[in-house]
Amino acid sequence: MGRTAGELMVDLFWSVATSYAVLSIVGIVLAAALVVGHLPLIGRIPAVAPYVVAARLLAYPMLALLAFLIGVRITDERADLKQAQRDLAFSQLQLDAQKQSTEAAQRLRAEAEAKADQANQKVSDYEKRLAKQPAGDGCNLDDADVRSLRDIAR
């Protein structure tokens with residue numbers, strides 16, 4: 001079944017949200033917030049001092065966001081891996097079935113060729129036997145000839 005536009009948009013959102021670029025940006029913001037908010041010497045710089053409290057407050061949500069996004073990404077990768085394993089198992093099952101079908105077809109072909117060889121041998125024997133009979137004016141077939149013809153057909 002086809003996927004709806006909403007499902008595609010959700011997949012696109014999570015693909016972007018868990019991309020290396022977004023994870024890197026969140027990690028950089030987290031590192032900057034940790035440095036500004038928790039290093040004592042940085043807080044003494046006059047241009048940075050007003051942002052120390054905000055950086056301390058921002059560090060923890062960024063850490064939680066980064067952990068959440070990494071968890072989502074790992075979950076998606078596991079799901080993709082399991083799907084790939086199922087696809088591989090199904091492909092292997094199909095391959096095994098094709099091998100069995102091929103083997104069965106080869107066996108049936110060999111049996112058919114053996115039957116054809118037997119029939120050809122019967123025809124050759126019948127032709128040789130008929131060639132040994134004297135030629136007459138009419139039909140010289142007897143009951144043994146008719147039985148031989150029926151045996152060839154079997």
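Attention here is on the structure that accompanies the text.

Reading guide: rules and limits
- Residues numbered from 1 in each chain as written.
- Predicted model: local features only at pLDDT ≥ 70, side-chain atom pairs only at ≥ 80, totals over all residues.
- Heavy atoms only, no water.
- Helix = DSSP H or I, 4+ residues; strand = E, 2+ residues; numbered from the N terminus.
- Rg over C-alpha atoms; globule rule 2.2 N^0.38 Å.
- Buried < 20%, exposed > 50% of the residue type's maximum accessible area, 1.4 Å probe, protein only.
- Contact = heavy atoms within 4.5 Å.
- Areas by Shrake-Rupley, 256 points an atom, 1.4 Å probe, with all protein chains shown as cover.
- Expected span 1.5 Å × (residues − 1).
- Phe/Tyr/Trp six-rings, centres within 6.5 Å; stacked < 30°, edge-to-face > 60°.
- Lys NZ or Arg CZ within 6 Å of the ring centre and 35° of its normal.
- Patch = residues over 30% accessible without salt bridge, like charges linked within 9 Å, V, L, I, M, F, W, Y side chains within 5 Å.
- Salt bridge = Lys/Arg side-chain N within 4 Å of Asp/Glu carboxyl O.
- Core = buried A, V, L, I, M, F, W, Y, C linked by side-chain atoms within 4.5 Å.

Assigned secondary structure in the protein chain consists of 4 helices and 0 strands. Counted from the first residue to the last, the protein chain has its helices and strands arranged as α-α-α-α. The C-alpha atoms of the protein chain give a radius of gyration of 42 Å, which is well past the 15 Å a tight globule of 154 residues would have. Counting every position in the protein chain, which comprises 154 residues, the buried fraction comes to 13%. Excluding contacts between residues fewer than 6 apart, the proportion of contacts in the protein chain whose partners are at least 24 apart in sequence is 54%. For the protein chain, the accessible surface area stands at approximately 12,300 Å², while carbon and sulfur atoms represent 64% of it.

In this model, helix α3 (residues 52-132) (81 residues) spans 118 Å end to end at C-alpha, consistent with the 120 Å of a helix rising 1.5 Å per residue. For α3, the complete set of buried residues consists of V52, A55, A59, M62, L66, L69, V72, R73 and Y126.

To continue, consider the side chain of R73. Mapped onto the fold, R73 is located in helix α3. Those residues in contact with R73 that sit more than four places away from it in its chain are T18, S19, Y20 and L23.

A few words on the packing of aromatic side chains. The final tally for this structure, using the stated rule, is 2 aromatic pairs. Considering the side-chain rings of F13 and W14, the 5.0 Å spacing of their centres and the 75° angle between planes classify their relative orientation as edge-to-face. Residue classification places W14 among the partly exposed positions, given a relative accessible area of 29%. For the ring pair W14 and F68, a centre distance of 6.0 Å and an interplane angle of 65° mean the geometry is edge-to-face. Of the two residues, W14 is situated in helix α1 (residues 5-17) and F68 in helix α3; the sequence distance between them amounts to 54 residues. Residue classification places F68 among the partly exposed positions, given a relative accessible area of 46%. Linked through ring pairs, F13, W14 and F68 together constitute an aromatic cluster. The ring centre of Y20 lies 3.9 Å from the NZ or CZ of R73, which sits over that ring.

Attention shifts here to a nonpolar patch on the surface. Together, M9, L12 and V16 make up a nonpolar patch on the protein surface, roughly 300 Å² of accessible area in all. Looking at where M9 falls in the secondary structure, it is placed in helix α1. Judged by its relative accessible area of 54%, M9 is exposed.

In this section: the environment of P46. For P46, the location among the structural elements is in the loop between α2 (20-38) and α3. P46 sits in the exposed class, given a relative accessible area of 70%. Spatially, the C-alpha atom of P46 lies 36 Å from that of T18, the residues being 28 residues apart in sequence.

With respect to the helices and strands, T18 occurs in the loop between α1 and α2. Those residues in contact with T18 that lie beyond four places of it in its chain are L23, L69, V72 and R73.

Core analysis: the biggest nonpolar cluster contains 11 residues, these being A17, L23, V26, L30, A33, V36, A55, A59, M62, L66 and L69. When residues of this core are traced back to their parent elements, those giving at least two are α2 and α3. Setting aside anything within four residues of it in sequence, one finds A59 in contact with L30, A33 and L34.

Just distances and angles here, no functional claims.
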